[in-house]
Amino acid sequence: MRTVIYPGSFDPLTNGHLDVIQRAARLFDRVVVAVARNGSKQPLFSPAERKTLIEHSISDLTNVTVDIFEGLLVEYVEQQSGHAVIRGLRALSDFEYEFQMALMNRQLNEHIETLFMMPRASYSFLSSHLVKEIAGLGGDVSPFVTPEVKEALAAKLGQAGVN
Ligand code: PNS
């Protein structure tokens, strides 16, 4: 049973994240999407809200579960008997941060591998940050997120429908 952990802020889940989850689900026996409780950023959605939004979007993937974690990622991976961590890599600009994090995690636990997965090219410009900005300014986010996430953004940002 090969388990991979896909950690992140997911504030909120985008179609790019979903693409990575679907790819990981085809490669591993078990995928745990791990929502970070203690990110350094000020999140728009609570960890529980982010978890629920992901769960709605992955209900067709029987080997994927969603969890909330806090503390060190490497400790969480061990606790889940995980073999690897997956991170999405969209562009060269992601690389330096991801490289640093992967090597630091290896320093903390040399048994945990980090694998990078490229989402579909059409999602390479997509980020939760931009989605929130577009939704906040009344733009149409439907090409970038699931209908549930779009609705949650509209509710959170106090707009009638975010287009
Ligand atoms: O989606 P993000 O915000 O890029 O995800 C970053 C995340 C949550 C994966 C990273 O901040 C993390 O692993 N946090 C847990 C704390 C930890 O282990 N920090 C040391 C990383 S080298």
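Residues numbered from 1 in each chain as written. Predicted model: local features only at pLDDT ≥ 70, side-chain atom pairs only at ≥ 80, totals over all residues. Heavy atoms only, no water.

Student: How would you explain the site of the ligand if you had to name every residue and give the values?
Tutor: Among the 14 residues in the neighbourhood of the ligand, the closest are listed as Ser9, Lys41, Gly71, Leu73 and Arg87. Within the backbone of leucine 73, a nitrogen or oxygen atom sits 2.8 Å from an oxygen atom of the ligand. Note that an oxygen atom of the ligand is positioned 2.8 Å from one of the side-chain N or O atoms of arginine 87. Taking a 2 Å distance to the grid points as the criterion, the majority of the atoms of the ligand fall inside the largest pocket. Among the secondary structure elements, those contributing two or more residues to the shell around the ligand are strand 1 (3–8) and helix 4 (92–108). (Near = heavy atom within 4 Å. Polar contact = N/O pair within 3.5 Å; in protein donor to acceptor, adjacent residues only side chain to side chain. 1 Å grid on protein atoms, 1.4 Å probe; cavity = no way out; pocket = protein on both sides within 12 Å on 5 of 7 lines; lining within 4 Å. Sits in = over half its atoms within 2 Å of the grid points. Helix = DSSP H or I, 4+ residues; strand = E, 2+ residues; numbered from the N terminus.)

Student: Give a description of the sheet that holds strand 4 (residues 84–88) that names residues and reports values.
Tutor: Taken together, the 5 strands give an open sheet; going across it, the order is 3-2-1-4-5, and neighbouring strands pair in parallel fashion. Of all strands in the sheet, those bounded by a partner on one side alone are strand 3 (64–69) and strand 5 (113–117). Between one strand axis and the next, the sheet turns by 30 degrees as a mean value, whatever way the strands run. Across 2 bridges, strand 1 lies against strand 4 in parallel orientation. By the bridge assignment, isoleucine 5 is partnered in strand 4 with valine 85. Taken strand by strand, helix 2 (residues 47–57) contacts strand 2 (30–36) and strand 3, and its axis lies near 175 degrees from that of strand 3. (Pairing = 2+ DSSP bridges. Axes fitted to C-alpha atoms, helices over the stretch in contact; angles between N-to-C directions. Contact = heavy atoms within 4.5 Å.)

Student: Tell me about the layout of surface pockets, residues and numbers included.
Tutor: The computed volume of the largest pocket comes to approximately 1,100 Å³. Lining the largest pocket are 38 residues, and of these Gly8, Ser9, Lys41, Arg87 and Tyr97 sit closest to its centre. Looking at the lining of the largest pocket, the elements with two or more residues in it are strand 1, helix 1 (15–27), strand 4, helix 4 and helix 5 (128–136). The dominant element in the lining of the largest pocket, judged by the number of residues it contributes, is helix 4, at 6 residues. Here the lining of the largest pocket is composed, by residue class, of 13 nonpolar, 16 polar and 9 charged. (Points joined across faces, edges and corners; volume = space filled by probe spheres on them. Nonpolar A, V, L, I, M, F, W, Y, C, P; charged D, E, K, R; others polar.)

Student: Would you mind going over unusual backbone geometry in detail, with residue names and values included?
Tutor: A cis amide bond, omega 0 degrees, links aspartate 11 with the succeeding residue proline 12. On the secondary structure map, proline 12 appears in the loop between strand 1 and helix 1. Phi is positive for phenylalanine 10, close to 50 degrees, though the residue is something other than glycine. By the element assignment, phenylalanine 10 lies in the loop between strand 1 and helix 1. Judged by relative accessible area, phenylalanine 10 falls into the buried class, the value being 3%. One non-glycine residue, serine 81, adopts positive backbone phi at about 55 degrees. Its place among the elements puts serine 81 in the loop between helix 3 (73–79) and strand 4. (Buried < 20%, exposed > 50% of the residue type's maximum accessible area, 1.4 Å probe, protein only.)

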